[in-house]
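# An overview of the molecular structure
Read off the chains here:
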Amino acid sequence: MAKTSPAQFVRQVRQEMDKVTWPTRRETLITTLMVGIMVALTALFFVLVDMGLSFGVKTLLGLGG
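Here the structure is a predicted model, which is why all the values come from computation and not from measurement.

## Quick word on the overall build of the protein chain
When helices and strands are counted, the protein chain shows two helices and zero strands. On C-alpha atoms alone, the protein chain measures out to a radius of gyration of 26 Å, which is more than a quarter above the 11 Å that the 2.2 N^0.38 rule sets for 65 residues. Along the three orthogonal principal directions, the C-alpha set of the protein chain runs to about 75 × 35 × 10 Å. Counting only residues that meet the buried cut, the protein chain has 0% of its 65 residues in that class. Surface exposure of the protein chain reaches about 6400 Å², of which carbon and sulfur atoms provide 71%. Computed over 7 positive and 4 negative side-chain charges, the separation of the two mean positions in the protein chain equals 7 Å.

## Things to note about the environment of Gly56
Tracing the backbone shows Gly56 in helix H2 (residues 25-61). Gly56 sits 52 residues away from Thr4 along the chain, and the two C-alpha atoms are 64 Å apart.

## Quick look at a nonpolar patch on the surface
Among the surface-exposed residues, Ile30, Met34, Ile37, Met38, Leu41, Leu44, Val47, Leu48 and Met51 lie close enough to one another that they form a single nonpolar patch of about 860 Å² accessible area. Mapped onto the fold, Met51 is located in helix H2. According to the relative accessible area criterion, Met51 is exposed, its value standing at 52%.

## With respect to the environment of Thr24
Here Thr24 shows up in the loop between helix H1 (6-19) and H2. On the accessibility criterion, Thr24 (43% relative accessible area) is partly exposed. C-alpha separation for the pair Thr24 and Thr4, spaced 20 residues apart in sequence, amounts to 34 Å.

## Thoughts on the packing of aromatic side chains
Across all of its chains, the model carries one aromatic pair by this definition. Relative to Phe46, the ring of Phe45 lies with its centre 5.2 Å away and its plane at 70°, an arrangement referred to as edge-to-face. A relative accessible area of 52% means that Phe46 is categorised as exposed.

What counts, and where the lines are drawn
Residues numbered from 1 in each chain as written. Predicted model: local features only at pLDDT ≥ 70, side-chain atom pairs only at ≥ 80, totals over all residues. Heavy atoms only, no water. Helix = DSSP H or I, 4+ residues; strand = E, 2+ residues; numbered from the N terminus. Rg over C-alpha atoms; globule rule 2.2 N^0.38 Å. Buried < 20%, exposed > 50% of the residue type's maximum accessible area, 1.4 Å probe, protein only. Areas by Shrake-Rupley, 256 points an atom, 1.4 Å probe, with all protein chains shown as cover. Lys, Arg positive; Asp, Glu negative; His and termini not counted. Charge placed at Lys NZ, Arg CZ, Asp CG, Glu CD. Patch = residues over 30% accessible without salt bridge, like charges linked within 9 Å, V, L, I, M, F, W, Y side chains within 5 Å. Salt bridge = Lys/Arg side-chain N within 4 Å of Asp/Glu carboxyl O. Phe/Tyr/Trp six-rings, centres within 6.5 Å; stacked < 30°, edge-to-face > 60°.

Structure below.
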């Protein structure tokens, strides 16, 4: 494996950074909101599944007092 000098490494990093397409502020906001919505929906799903399983186990074992 060839060794690179620190200066050459910095040049290569800068070249790669020029290739990066950064998201706009609007794209970042929309993506953040979508992630938040999906987290909320997933949390709601698991709460409902947990409540359903809890009810089922309590009913099955006769602990639903």
